[in-house]
Amino acid sequence: MAEKKVFEKGKMVPVPSVSIIPERDLGKSPILECSHLGIDFGGLTAVNEFNITVGRTEIAGLIGPNGAGKTTVFNLLTKVYQPTRGTILLDGLDTHGKTPAQINRMGIARTFQNIRLFNNLSVEDNVKIGLHNQEKYSMVSGILRLPKYWRQEKAAHERALELLSIFDMQHMANYQAGSLPYGAQRRLEIVRALATNPSLLLLDEPAAGMNPSETAELMENIVKIRDMFQIAIMLIEHDMSLVMGICEGICVLNFGQIIAKGTAEEIQSNPTVIEAYLGKQQ
Amino acid sequence: MEFLSYLISGISLGSVYAIIALGYTMVYGIAKMLNFAHGDVIMVGGYISFCAMSYLELPGWLSVVLAMAVCTVLGVVIEGLAYKPLRQATSLAVLITAIGVSYFLQNAAQLIWGASPKGYTPLVPALNAKGEPNALQLFDGQLSIPYLSLLIMAVCIIVMVALTFFTGQTKLGKAMRACSEDKGAAQLMGINVNRTISVTFAIGSALAAVAGVLLCSFTTSLMPTTGSMPGIKAFTAAVFGGIGSIPGAFLGGILLGIIESLAKAYISTQLANAILFAVLIIVLLVRPSGLLGKYVPEKV
């Protein structure tokens, strides 16, 4: 019976991790609550008993050794995989049975570990794909180029440039996305995700392949995005300087289980985490 | 002059192929499947406009609109019933299903309209009321271009321009291109992939109806297998131009029409199709991804 109650939307807040929500978000309801989340692939349990609560404007980190199930968690949150067990409440609403496209419209946007831009489209068109659901005109007015089409396309164009300007990329609007340098592609992916107007942004290894100075810039930008859009950001990252530098709550995953949760200091001194990363002390 | 007239007849035949090929190439580009029933949708379009004109006595242009409406619905229904449940299946299963749908449509047409050919009244009759050829006379009558050919070419160009604009500059067109590149990423950006695929089928089928009317006007006869050979040739045209590419389908269609027309005129009527496919083989040997197709190396 206790299990069933969780399905009633927004009524029961899962117990764990409330303590790591930053103080400013405590008065508001959390943006994401996962309880008892899990998925099996055949006989293999990839993620189990994943409980987490993310505050409205929290920057949360998800870390763990390779193969711990971090990207699987992102795929569960965005419904690329349907979870075997448990519930995900987004802004108090149950996401059970939703498709990835519906989840996006509910407010989760993400980037990918291996960049997945639309390489043959221009930079601006990539951002406009993110704006797809905010442009409202019918196929008929699109084909006949009715005034509504012009108005909406103009608005989308301006919005796209505005979003690109966050990363100073407006001059690249007409470049082909696939021809951009690596770092710019990573930034464009973030812009495209932001264009969908999310309330929770998932970044899958945003600093992968970046040098220390690029990573430092990225850290500033992630905080800047959070402050500008007032959204929650959850990121998977192996670069500890980034995670420890900007994440307010950190969750450590190993073999599909959460082994530790807490602030940067708590995680750094947690013996279980050290053991997971470095092995047991002899 | 003779050559020019064959060339023009080739271009207008090629324009029909191009319109059909656009349907193949768009569906392939987005759903990554070969819709072999596409040729039979053309035939259905032809029959619908035939019925509208001879039984309901509607004017030609209205019969085209009706055929487009029916084929659009037919295309979406075929996609929803036959292909959508197979979205996760292997491409071979979908291919076989498409061939099944093709036979189903042919046999259904045979049950409804009978196997014997029907005489189709062309949209633009070959002779006008005075009994003169309905054609544009140039160079003191040495070169005569039928108005029908001009109409076909004009329609083809309009369709081509409209589609280029649609895929390039409208949000639905962009969603289609996004889906054709990466469906997974597209749906995580909030795009309803199933709906986008349905729209693609709808557009392709509406174009098939237009092609059906033009084709029947060209050949002036109609039977349940009318669509299969032009369907296969248009598929060839799409591959020829680079499947998945809209300008490729256009170019491939026109070139194929010209080759067919010239081969019929100067080499042999019977060997025309053999020559056509031989050219395809040669092109594919030299450029495996077609004339305008991009070579995409398999990622490891």
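Everything that follows concerns the structure shown earlier in this document.
Analysis parameters
Residues numbered from 1 in each chain as written. Chains lettered and ligands numbered in written order. Predicted model: local features only at pLDDT ≥ 70, side-chain atom pairs only at ≥ 80, totals over all residues. Heavy atoms only, no water. Salt bridge = Lys/Arg side-chain N within 4 Å of Asp/Glu carboxyl O. Helix = DSSP H or I, 4+ residues; strand = E, 2+ residues; numbered from the N terminus. Buried < 20%, exposed > 50% of the residue type's maximum accessible area, 1.4 Å probe, protein only. Pairing = 2+ DSSP bridges. Axes fitted to C-alpha atoms, helices over the stretch in contact; angles between N-to-C directions. Contact = heavy atoms within 4.5 Å. Patch = residues over 30% accessible without salt bridge, like charges linked within 9 Å, V, L, I, M, F, W, Y side chains within 5 Å. Areas by Shrake-Rupley, 256 points an atom, 1.4 Å probe, with all protein chains shown as cover. Buried area = accessible area lost by both parts, 1.4 Å probe. Polar contact = N/O pair within 3.5 Å; in protein donor to acceptor, adjacent residues only side chain to side chain. Phe/Tyr/Trp six-rings, centres within 6.5 Å; stacked < 30°, edge-to-face > 60°. Lys NZ or Arg CZ within 6 Å of the ring centre and 35° of its normal.

## Overview of the pattern of salt bridges
Item 1. Per the stated rule, a full pass over the model turns up 16 salt bridges over all chains.
Item 2. Across the pair Glu248 of chain A and Arg226 of chain A runs a salt bridge whose closest N-O atoms are separated by 3.3 Å. With Glu248 of chain A in the loop between α9 (240-246) and β9 (249-254) and Arg226 of chain A in helix α8 (residues 212-229), this residue pair connects regions lying 22 residues apart in the sequence.
Item 3. Take Glu248 of chain A: its relative accessible area is 22%, and that puts it in the partly exposed class.
Item 4. As a salt-bridge pair, Glu260 of chain B and Lys233 of chain B come within 3.2 Å of each other at their nearest N and O atoms. Taken together, the positions of Glu260 of chain B in helix α10 (residues 246-266) and Lys233 of chain B in helix α9 (residues 228-241) put the pair 27 residues apart, joining distant regions of the chain.
Item 5. Judged by relative accessible area, which is 3%, Glu260 of chain B ranks as buried.
Item 6. Residue Lys233 of chain B is classed as buried on the basis of its relative accessible area, which comes to 6%.
Item 7. The structure contains a network of salt bridges with shared partners spanning Glu124, Asp125, Lys128 and Glu153 of chain A together with Lys174 of chain B.

## Details of the sheet that holds strand β7 (residues 200-204) of chain A
Residue and element names in this part refer to chain A.
Item 1. The mixed open sheet is built from six strands, whose spatial order is β6-β7-β8-β3-β9-β10. Edge positions in the open sheet fall to β6 (108-110) and β10 (257-262), since each of these has one partner strand only. Neighbour to neighbour, the strand axes of the sheet diverge by 20° on average, direction disregarded.
Item 2. In terms of strand pairing, β9 meets β10 through five bridges, oriented antiparallel. Looking across to β10, one finds that Val252 is bridged to Ala260.
Item 3. Lying over the sheet, helix α2 (residues 70-77) contacts β3 (59-63), β6, β7, β8 (232-236) and β9, oriented at roughly 145° with respect to β8.

## So, unusual backbone geometry
Residues and elements named next belong to chain A.
Item 1. You will see that Asn197, though not glycine, has its phi angle at about 60°, which is positive.
Item 2. Within the fold, Asn197 resides in the loop between α7 (182-195) and β7.
Item 3. The phi angle at Glu205 is positive, at roughly 50°, despite the residue not being glycine.
Item 4. Inspection of the secondary structure assignment puts Glu205 in the loop between β7 and α8.
Item 5. Take Glu205: its relative accessible area is 11%, and that puts it in the buried class.

## Some details on a nonpolar patch on the surface
Item 1. Taken together, Met1, Leu4, Leu136, Leu138, Phe139, Tyr147 and Leu150 of chain B make up a surface patch of nonpolar side chains, about 560 Å² in accessible area.
Item 2. Among the secondary structure elements, Tyr147 of chain B is positioned in helix α5 (residues 147-169).

## Here we look at the interface of chain B and chain A
Item 1. Chain B puts 25 residues into the contact, and the matching count from chain A is 32 residues.
Item 2. With both chains or domains summed, chain B and chain A bury close to 2500 Å², and 61% of this area falls on carbon and sulfur atoms.
Item 3. The three residues of chain B that bury the most area against chain A are Lys171, Leu188 and Met189 of chain B, which together make up 32% of that side's buried surface.
Item 4. The partner of Lys174 of chain B in a salt bridge is Glu153 of chain A, and the shortest N-O contact between them spans 3.5 Å.
Item 5. Counting every contact that joins chain B to chain A gives ten residue pairs in polar contact (both at pLDDT 80 or more).
Item 6. Secondary structure elements with two or more residues in the side of chain B that touches chain A: α5, α6 (171-181), α7 (183-188) and α8 (193-219) of chain B.
Item 7. Here the side of chain B that touches chain A takes seven residues from α6 of chain B, the largest share from any one element.

## Things to note about the packing of aromatic side chains
The description of an aromatic ring pair rests on the distance of the ring centres and on the angle between the ring planes.
Item 1. Within this structure, the stated rule accounts for eleven aromatic pairs over all chains.
Item 2. The interplanar angle of 80° and the centroid separation of 5.1 Å between the aromatic rings of Phe41 of chain A and Tyr81 of chain A together place this pair among those described as edge-to-face. Residue Phe41 of chain A is located in strand β1 (residues 32-41), and its partner Tyr81 of chain A is located in the loop between α2 and β4 (85-90); the two are separated by 40 residues in the primary sequence.
Item 3. Of the residues examined, Phe41 of chain A reaches a relative accessible area of 37% and is grouped as partly exposed.
Item 4. When the ring of Tyr47 of chain B is compared with that of Trp113 of chain B, the centres are 4.3 Å apart and the planes differ by 5°; the resulting orientation is stacked. Of this pair, Tyr47 of chain B sits in helix α2 (residues 38-54) while Trp113 of chain B sits in helix α4 (residues 91-113), placing them 66 residues apart in sequence. Comparing Tyr47 of chain B with Trp113 of chain B, the two get one shared label, buried.
Item 5. Ring pairing ties together the aromatic residues Tyr137, Tyr149 and Trp150 of chain A together with Phe165 of chain B, which thus form one cluster.
Item 6. We note Arg116 of chain A situated over the ring of Phe112 of chain A; from NZ or CZ to the ring centre the distance is 4.7 Å.
Item 7. Its guanidinium or amino end placed over the ring of Tyr137 of chain A, Lys171 of chain B lies 5.9 Å from that ring's centre, counting from NZ or CZ.

All quantities given are derived from atomic positions and should not be read as evidence of function.
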